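# Close look at the chain arrangement
Take a look at the letters that make up each chain.
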Amino acid sequence: EPLTQYRAFRRMHAKSERFNHEGWLDAWTEFDGRSFRYDVVSERGSEYVRNKVLRAVLKREQEIVAAGADKAALSEDNYEFTEADEAGGDVKYVLLKPRRKDVSLVEGRMVLSREGGELLRVEGKLSKNPSFWTSLVNIIRHFAKVDGVRVPVSTESIAKVKFAGQSRLDVVYEYESINGRPVSVAGRQILASAG
């Protein structure tokens with residue numbers, strides 16, 4: 001079942017290594033199938049990090065969804081897929097080659113369970129830098145199947161930021177509802193173990 005709508009609580013944390021600045025932000029996020037909304041409920045730490053990184057990430061996601069969420073989907077419209085020959089035990093790898101340079105696409109690989117081919121994570125670098133100030137954005141997005149729907153449960157990214165050096169961003173998703181249905185107790189347990 002595809003993800004068509006959700007309501008989730010996001011915990012976000014970003015840190016600049018060189019300046020030792022960090023910030024935290026908690027927000028309710030909603031996607032209704034057409035638009036993405038967010039409501040910041042708490043924040044602390046560096047004002048610069050909160051405004052220029054954490055709020056900017058939410059704003060950018062809002063813009064991506066407004067432009068058409070399917071332009072970031074793991075689909076043949078956006079990627080060329082090549083199964084890798086790497087031996088990975090109980091996982092297999094599929095290489096991702098974006099069909100265009102876009103800040104919402106990842107050049108790297110999908111990690112799938114060998115049994116059933118479930119998407120576990122996407123890892124690689126953004127195919128286009130988000131801004132002049134930010135380059136070499138490496139990302140790992142973890143997924144889990146919650147109540148029959150594959151959803152992102154956490155994201156880790158490390159970027160090189162001009163003047164600030166290496167910076168890190170971590171996001172954890174706690175879903176309240178998926179596709180119009182409240183997340184079940186079993187779904188909450190999956191989210192707790194994944195986060």
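Residues numbered from 1 in each chain as written. Predicted model: local features only at pLDDT ≥ 70, side-chain atom pairs only at ≥ 80, totals over all residues. Heavy atoms only, no water.

## Considering the overall build of the protein
The condition is simple: Each helix is a run of H or I in the DSSP string that is no shorter than four residues. Each strand is a run of E no shorter than two, and both are numbered from the N terminus. As defined in this context, the radius of gyration uses C-alpha atoms, and a globule is described by 2.2 Å times the residue total to the power 0.38. Buried means the residue's accessible area, taken with a 1.4 Å probe over protein chains only, is under 20% of the maximum for its type, while exposed means over 50%, and partly exposed covers the values in between.
When you go through the protein residue by residue, the secondary structure sums to two helices and eleven strands. In the protein, the succession of helices and strands from N to C terminus is β-β-β-α-β-β-β-β-β-β-β-β-α. Its C-alpha atoms give the protein a radius of gyration of 17 Å, near enough to 16 Å, the size a compact globule of 195 residues would have. For the C-alpha atoms alone, the extent of the protein along its principal axes is close to 45 × 40 × 30 Å. Taken over 195 residues, the protein has a buried fraction of 39%.

## A closer look at the nonpolar core
Where we set the bar: We call a set of buried residues a nonpolar core when its members are Ala, Val, Leu, Ile, Met, Phe, Trp, Tyr or Cys and they connect through side-chain atoms within 4.5 Å of each other. In this analysis, two residues are considered to be in contact whenever any of their non-hydrogen atoms come within 4.5 Å of each other.
If you look at the biggest cluster of nonpolar residues, it comprises 25 residues, and the most contacted ones within it are L25, V146, V151, Y175 and I178. Counting residues per element, the ones that place at least two in this core are β1 (6–16), β2 (21–31), β3 (36–45), α1 (47–68), β8 (134–146), β9 (149–161) and β10 (165–178). In this structure V146 touches V151, I178, V183, G187, I190 and L191, once residues within four positions along its chain are discounted. Of all hydrophobic cores here, the second largest spans 14 residues; its members include V94, L96, F143 and A159.

## Focus: unusual backbone geometry
The phi torsion at D147 lies on the positive side, around 50°, for a residue other than glycine. By the element assignment, D147 lies in the loop between β8 and β9. Judged by relative accessible area, D147 falls into the partly exposed class, the value being 31%. Residue N179 is not a glycine yet carries a positive backbone phi of 55°. Within the secondary structure, N179 is located in the loop between β10 and β11 (181–182).

## Comments concerning the side chain of S154
Here S154 lies in strand β9. Judged by its relative accessible area of 11%, S154 is buried. When sequence neighbours within four positions are dropped, the list of residues in contact with S154 reads I140, R141, H142, V171, V172 and Y173.

## Re the pairing of β3
The condition that has to hold: DSSP-based pairing: two strands are paired if at least 2 bridges between them are found.
Here β2 runs beside β3; their pairing, made up of nine bridges, is antiparallel. Residue pairing across strands places W28 opposite D39, the latter belonging to β3. In this antiparallel pair of consecutive strands, β2 and β3, the connection spans four residues, and G33 shows a positive phi of 100°.

## Notes on the confidence of the model for the protein
Note the following rule: The predictor's confidence in any single residue is recorded as pLDDT, a number from 0 to 100.
Taken residue by residue, the protein gives an average pLDDT of 90. The fraction at 70 or more is 97%. Here α1 stands out as the element of the protein with the lowest mean pLDDT, 87, in contrast to β3, whose mean of 97 is the highest.

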